[in-house]
Amino acid sequence: IESILSELALIFSIRTKVSVFRAKTKPSRVILFLTAIASLSTVVVTFTHLGGRIFGFVTPTISSLSIIVASVVAYIVSTELIKVMYYKKYNLSKK
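Residues numbered from 1 in each chain as written. Predicted model: local features only at pLDDT ≥ 70, side-chain atom pairs only at ≥ 80, totals over all residues. Heavy atoms only, no water.

Draft legend 1. Structural context of the overall build of the protein chain. Scanning the protein chain for helices and strands turns up 4 helices and 0 strands. The helix and strand sequence of the protein chain, counted from the amino end, reads α-α-α-α. Against the 2.2 N^0.38 benchmark of 12 Å for 95 residues, the protein chain shows a C-alpha radius of gyration of 16 Å, more extended than a compact globule. If one aligns the C-alpha atoms of the protein chain with their principal axes, the spans along those axes are about 50 × 25 × 20 Å. Counting over 95 residues, the protein chain shows a buried share of 24%. Long-range contacts, defined here as pairs at least 24 residues apart, represent 64% of the contacts in the protein chain between residues at least 6 apart. Here the protein chain displays about 7,100 Å² of accessible surface, and carbon together with sulfur accounts for 69% of that area. (Helix = DSSP H or I, 4+ residues; strand = E, 2+ residues; numbered from the N terminus. Rg over C-alpha atoms; globule rule 2.2 N^0.38 Å. Buried < 20%, exposed > 50% of the residue type's maximum accessible area, 1.4 Å probe, protein only. Contact = heavy atoms within 4.5 Å. Areas by Shrake-Rupley, 256 points an atom, 1.4 Å probe, with all protein chains shown as cover.)

Draft legend 2. Representation of the packing of helix 1 (residues 2-14) against helix 2 (residues 29-44) in the model. Viewed as axis vectors pointing N to C, helix 1 and helix 2 meet at an angle of 170 degrees, and their least axial separation amounts to 10 Å. The orientation of helix 1 relative to helix 2 falls into the category roughly antiparallel. Here helix 1 contributes I4, L5, L8, I11 and F12 to the contact with helix 2, which in turn contributes I31, L32, T35, A38, S39, T42 and V43. Its residues assigned to classes, the contact of helix 1 with helix 2 comprises 9 nonpolar, 3 polar and no charged. (Axes fitted to C-alpha atoms, helices over the stretch in contact; angles between N-to-C directions. Parallel < 35°, antiparallel > 145°, perpendicular 65-115°, else oblique. Nonpolar A, V, L, I, M, F, W, Y, C, P; charged D, E, K, R; others polar.)

Draft legend 3. How the structure looks around the environment of I11. Here I11 lies in helix 1. We classify I11 as partly exposed; its relative accessible area is 37%. Residues I11 and I1 lie 10 residues apart in sequence; the distance between their C-alpha atoms is 16 Å.

Draft legend 4. Up close: the packing of aromatic side chains. Evaluation of the coordinates by the stated rule reveals 3 aromatic pairs. Judged by centre distance (5.3 Å) and plane angle (75 degrees), the ring pair of Y86 and Y87 falls under edge-to-face. Owing to a relative accessible area of 19%, Y87 belongs among the buried residues under this scheme. Between the aromatic rings of Y86 and Y90, the centroid separation amounts to 5.1 Å while the plane-to-plane angle is 55 degrees, which identifies the pairing as tilted. With a relative accessible area of 46%, Y90 lands in the partly exposed category. Three or more aromatic residues joined by ring pairs form one cluster here, namely Y86, Y87 and Y90. (Phe/Tyr/Trp six-rings, centres within 6.5 Å; stacked < 30°, edge-to-face > 60°.)

Draft legend 5. Fine view of the pattern of salt bridges. This model, assessed by the stated rule, comprises 1 salt bridge. Notably, a salt bridge pairs E80 with K83, separated by 3.4 Å at the nearest N-O pair. Of the two residues, E80 and K83 are both situated in helix 4 (residues 62-89); the distance of 3 residues between them amounts to about one turn of the helix. The two residues E80 and K83 agree in class, both being buried. (Salt bridge = Lys/Arg side-chain N within 4 Å of Asp/Glu carboxyl O.)

Here it is in structure tokens:
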């Protein structure tokens, strides 16, 4: 779950040179929709018969999901910090 959600979050980080939280342009509705569907599917499938019996997924506990959410948030924040530092170091923020 964590790896898929992290990679989906990365899509929004790499689409702009500025922080994703300060970006003037918004992602397209299609990207938002597909990301939401993929995120929901990723989490929901672990609670279904398909996920448990066929794929052998273990239903995550609330504490596990909390750790996953915290990891994804930490990943987004660290990605944004590194991106900002990179563009500042190489003077690429204005280009």
